[in-house]
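# Descriptive structure summary
Letter by letter, the chains look like this.
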Amino acid sequence: MTNVPAQSAQWMKYFGDIYGHAKPPVLGSFAVKKIEDKAREVMKDHLPAYMYTFGSAGTCSTDAANRRAFNRWKIVPAMLKDCTSRNVETTILGEKFNAPLFISPVGVQGILHADGELATARAAAACGIPYIMSSASSRSIEDIAKANGPNGQRWYQLYWPRSEDITISLLNRAKAAGFSALVITLDTMLLGWRPHDLDTAYIPFLYGVGIQVGLSDPVFMKRFGYEAVHETTKFPFEPEKIRNAALNAGDANAQKAMKLGKEWLQETNSGAFRSWEHLQFIKDHWDGPIILKGIQRASDAEKAIDMGIHGIIVSNHGGRQIDGAIGSLDALAKIMRSPKVVKAQAKGDLTVLFDSGIRTGSDVIKAMAMGAQGVLIARPYMYGLSIAGQAGVEQILMQTVADMHITMGLCGYSDVNDLIGKWDELLEPVDD
């Protein structure tokens, strides 16, 4: 038998320490549903903030479809395989990662915890998990990079601005701050129809929260005669107080926040849709891998190959943009039936990642068996953040990888890379 890799030992030590130390988990449970319920309880006095993060478009049917898709595909384990030594390290886009799990880009984390994205970036670095920063963060690019540290692995997610000069500025800042890859979100050229937000007119950006990337951008701020600033947003976020201060009390700071919030939203979620030929502009101004997030059709994955794009993230934004859409795992299954996609992936010309619906280690295994080389996790770590800040995020990351590490062995696989594309032997579809 071979020695257990150091990183693999990390996950098993975490598992063993749970029993050995006999201490309650930071989040009160390791069951994701219980953690979600506790997050809602913690945020009960600020329920619109909870719903902004955890709600979905329309009737929430796409969010439900994401989970149904995972429930339809069942794991078929193989026995008498020597999985004593297991490896979950992987290489994606030429970069080695401790596990195939990524922090998905989620915006305005400052509405759930006082430390916001800084806590999540620190947790990612502490656990050795790559962090993907959202353009809608409540902290600046530079402050998040500092929190993630010199050894943190980080990518930058772009909500594509309307203006070329601002786009270039953001790309340059991200590169200078050590973000090694660029993720372009394609499905949010404007915000989706979200009744839970519409009912309370809840949109943090219009009150100056979630626009901190813009406020810290010298090109954007110069337009209005201001210097760039690196803000720490206030917690809890109370939009009614900001609105009252701006409109009724004549508070200059509140008025400025609302003015700049409107302007930044018009830059990044303006309703100005992009087309495939516009990607050349990004390629001309970004030195590094480019990944397209929001791909749901095989034909779009094939277009990405034709454009020389390095990777795609099969995602429906956690069901937050379009009601009545297919589950993201179902979309991945269709995409990975494309001979062109499979060939490009095998040659190393296209990296396929997955997002939307991941809750457990078994989910990670299913997505990888379906063809993903790595997966993004979102809502669960936001539950952890709202309950316990950095420590809460760390628990979610550690338990997800530890679960995957254990379950992979129980399924008969000793190397996570051997899971990729093995749906025909590892998965079985059942009636919904």
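The paragraphs below set out a description of the structure included in this document. In this text, all values refer to a predicted model and were calculated from it rather than measured experimentally.

## Considering empty space enclosed by the protein
Applying the stated criterion to the full structure yields three cavities of 30 Å³ or more. Going through the elements one at a time, α3 (47-54), β11 (374-377) and α18 (379-411) are the ones with two or more residues in the lining of the largest cavity. Within the lining of the largest cavity, the residues separate by chemical class into 14 nonpolar, ten polar and six charged. Together, S135, A136, Y159, F205, G210, W264, L265, T268 and N269 line the second largest cavity. Broken down by class, the residue content of the lining of the second largest cavity amounts to five nonpolar, four polar and no charged.

## Observations concerning the pairing of strand β7 (residues 182-185)
Burial along β7 is two-sided: L182 and I184 facing one way and V183 and T185 facing the other are all buried. Note: strand β6 (residues 154-158) against β7, three bridges, orientation parallel. Each residue of the ladder has a partner; that of L158, found in β7, is I184. At this point the chain moves from β6, through helix α7 (residues 164-176), to the parallel β7, and the crossover so formed is right-handed. Of the pairings in the sheet, the one linking β7 to strand β8 (residues 290-295) comprises four bridges and is parallel in character. In the strand pairing of β8, L182 is matched with I290.

## Quick word on the packing of aromatic side chains
Applying the stated criterion across every chain, the model contains 14 aromatic pairs. Geometrically, the ring pair formed by Y50 and F54 is tilted, given 4.3 Å between the ring centres and 55° between the ring planes. Within this pair, Y50 and its partner F54 are both found in helix α3, separated by four residues, close to a single helical turn. For the pair F220 and W264, a centre-to-centre distance of 4.9 Å together with 75° between the ring planes defines the contact as edge-to-face. One end of the pair, F220, is in helix α10 (residues 218-222); the other, W264, is in helix α12 (residues 252-268), and 44 residues separate them in sequence. With respect to class, F220 is no different from W264; both count as buried. By the ring-pair criterion, three or more aromatic residues cluster together here, those being Y52, Y202, F205, Y207 and F237. Above the ring of W286, the side-chain terminus of K175 is found at 4.4 Å from the ring centroid.

## Quick notes on the packing of helix α11 (residues 239-247) against α12
For the pair α11 and α12, the least separation of the axes is 7 Å and the interaxial angle reads 110°. As the angle between them shows, α11 and α12 are arranged roughly perpendicular. Counting all contacts with α11, which are made through I242, R243, A245 and A246, the residues of α12 involved are A254, Q255 and M258. Looking at the contact of α11 with α12 residue by residue, the class counts come to five nonpolar, one polar and one charged.

## Points about the pattern of salt bridges
Where side chains of opposite charge bring their charged atoms close, a pairing between them can arise. Evaluated as defined, the whole model comprises 15 salt bridges. A salt bridge links E41 to K44, with the nearest nitrogen and oxygen atoms 2.9 Å apart. Across the salt bridge formed by R72 and D330, the nearest N and O atoms sit 2.3 Å from each other. Pair noted here: R72 is in helix α4 (residues 61-72) and D330 is in helix α15 (residues 328-335), with a separation of 258 residues, a long-range link. Of the two residues, R72 and D330, neither departs from the other in class, the shared state being buried.

## Describing the pairing of β6
Burial analysis of β6 places five of its five residues in the buried class, which makes it a mostly covered element. Where burial is concerned, the two faces of β6 agree: the one with R154, Y156 and L158 and the one with W155 and Q157 are both buried. In the sheet, strand β5 (residues 131-133) pairs with β6 via three bridges, with the strands oriented parallel. By the bridge assignment, Y131 is partnered in β6 with R154. Regarding the hand of the β-α-β motif, the stretch spanning β5, helix α6 (residues 141-148) and β6 is right-handed.

Criteria and thresholds
Along each chain, the written sequence defines residue order, and numbers are assigned to residues from 1. Selection of residues for local features in this predicted model requires a pLDDT of at least 70, selection of side-chain atom pairs for listing and counting requires 80 or more, and totals for whole chains, interfaces and linings are taken over all residues. Values shown for side chains rest on all heavy atoms present in the structure; no hydrogens or waters enter the calculation. Cavity: a set of points on a 1 Å grid over the protein atoms alone where a 1.4 Å probe fits but cannot get out. Pocket: an open set with protein on both sides within 12 Å along at least five of seven lines, its lining residues, like those of a cavity, having an atom within 4 Å of a point. Grid points are joined across faces, edges and corners, and a volume is the space filled by probe spheres set on the points. Only runs of H or I of at least four residues qualify as helices and only runs of E of at least two qualify as strands under DSSP, and these elements are numbered from the N terminus. Nonpolar residues are Ala, Val, Leu, Ile, Met, Phe, Trp, Tyr, Cys and Pro. Charged residues are Asp, Glu, Lys and Arg, and all others, Gly as well, are polar. Per-residue accessibility, obtained with a 1.4 Å probe over protein chains only, is compared with the maximum for each type, and a residue is labelled buried under 20%, exposed over 50%, and partly exposed between these values. Only strands that DSSP links by at least two bridges are regarded as paired with each other. Orient the strands so they point away from the viewer; a crossover is then right-handed if the path from the first strand over the helix to the second runs clockwise. Each Phe, Tyr or Trp ring, with Trp reduced to its six-membered ring, pairs with another whose centre is within 6.5 Å; inter-plane angles below 30 degrees give stacked pairs, above 60 give edge-to-face pairs, and intermediate values give tilted ones. Definition used: whenever NZ (Lys) or CZ (Arg) falls within 6 Å of the ring centre and also within 35 degrees of the ring normal, the charge is taken to sit over that ring. The angle between two axes is taken between their N-to-C directions and runs from 0 to 180 degrees, where each axis is a line fitted to C-alpha atoms and a helix contributes only its stretch in contact. Roughly parallel means an angle under 35 degrees; roughly antiparallel, over 145; roughly perpendicular, 65 to 115; everything else is oblique. Residue contacts are defined here by distance: any two heavy atoms, one from each residue, within 4.5 Å place the two residues in contact. What makes a salt bridge here is a side-chain nitrogen of Lys or Arg within 4 Å of a carboxyl oxygen of Asp or Glu, nothing more.

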